[in-house]
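Observations on the three-dimensional arrangement
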Amino acid sequence: MKEELLQLHLQMLQDKIDAFQDRIEALSLDAQNDAKSSAGDKHETALSMMHIEQEKLSAKIQEYLNQKIEISRIDLSKKSDKIILGSLVQANDFWFFISTALPKVKINGKDVFSLSKVSPLGSLLIGKSIGEEVVVNNITYTIKQVL
């Protein structure tokens, strides 16, 4: 199940990277087309706005690349009784994958929330074992399983 989660997350991140790269390419093409048909201050303003948008998109791509690097550090062969990067954790009736912050996914009929190890809940779970508890936002999470 963890291998499936890992592959799903890598694919999700790659899809996002590809989408942002496509948007950057479309902006570049728009800028080229606009250069052929426009002149003056209006043209300069449009180019400046496109450049700002490209910078924003590039920053998002870098964020997703950093998440891919974090996920690539996960060693699924490493077994631990304590929660570590790559652990699949059942706490209460929730499943958490300690990896990087990504949207909830459904695997084998279970909703799995991916948490960064530096998120409020993720940082409290790291190093804990079955039976221990953590409290976030007045909710007590009791660790039932660590895979």
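The structure we're discussing is the one just above.
These notes cover the structure that comes with them. Not measured: the values here are computed from a predicted model.

Thresholds applied
- Residues numbered from 1 in each chain as written.
- Predicted model: local features only at pLDDT ≥ 70, side-chain atom pairs only at ≥ 80, totals over all residues.
- Heavy atoms only, no water.
- Pairing = 2+ DSSP bridges.
- Helix = DSSP H or I, 4+ residues; strand = E, 2+ residues; numbered from the N terminus.
- Buried < 20%, exposed > 50% of the residue type's maximum accessible area, 1.4 Å probe, protein only.
- Salt bridge = Lys/Arg side-chain N within 4 Å of Asp/Glu carboxyl O.
- Contact = heavy atoms within 4.5 Å.
- Polar contact = N/O pair within 3.5 Å; in protein donor to acceptor, adjacent residues only side chain to side chain.

1. Considerations on the pairing of strand S3 (residues 102–107)
For a regular strand, the rule is simple: side chains alternate between the two faces of the sheet. In this sheet, strand S4 (residues 110–116) lies alongside S3 in antiparallel orientation, the contact comprising 4 bridges. Residue Val-105 lies in a different strand from S4, and its bridge partner there is Val-112. Where S3 folds back onto S4 in an antiparallel hairpin, the turn is made up of 2 residues, including Asn-108, whose phi is positive at roughly 50 degrees.

2. Observations concerning unusual backbone geometry
Most peptide bonds adopt trans geometry, and most residues besides glycine take a negative phi value. Non-glycine residue Asn-108 carries a positive phi angle of around 50 degrees. In this fold, Asn-108 is placed in the loop between S3 and S4. Given the relative accessible area of 57%, Asn-108 is considered exposed. In this structure, Asn-138 is a non-glycine residue whose phi angle is positive, near 65 degrees. Mapping Asn-138 onto the fold places it in the loop between strand S5 (133–136) and strand S6 (139–146). Judged by its relative accessible area of 78%, Asn-138 is exposed.

3. Looking at the pattern of salt bridges
Evaluation of the coordinates by the stated rule reveals 7 salt bridges. Here Arg-73 ties to Glu-70 by a salt bridge, and the two come within 3.0 Å at their closest N and O atoms. Taking the relative accessible area as the measure of exposure, Arg-73 reaches 56% and is therefore exposed. The closest approach of N and O atoms between Asp-111 and Lys-104, which form a salt bridge, is 4.0 Å. Where salt bridges share partners, they join Glu-70, Arg-73 and Lys-117 into one cluster.

4. Thoughts on the environment of Gln-145
Mapping Gln-145 onto the fold places it in strand S6. A residue is classified by how much of its surface remains accessible, and Gln-145, at 31% relative accessible area, is partly exposed. In contact with Gln-145, other than residues within four places in its own chain, are Leu-88, Val-89, Gln-90, Trp-95 and Ile-130. At 2.8 Å, the side chain of Gln-145 and the side chain of Gln-90 are in polar contact.

5. Here's the deal with the side chain of Ser-129
Looking at where Ser-129 falls in the secondary structure, it is placed in the loop between helix H3 (120–125) and S5. For Ser-129, a relative accessible area of 16% translates into the label buried. Engagement of the side chain of Ser-129 in a polar contact is seen with the side chain of Lys-82, the distance being 3.5 Å.

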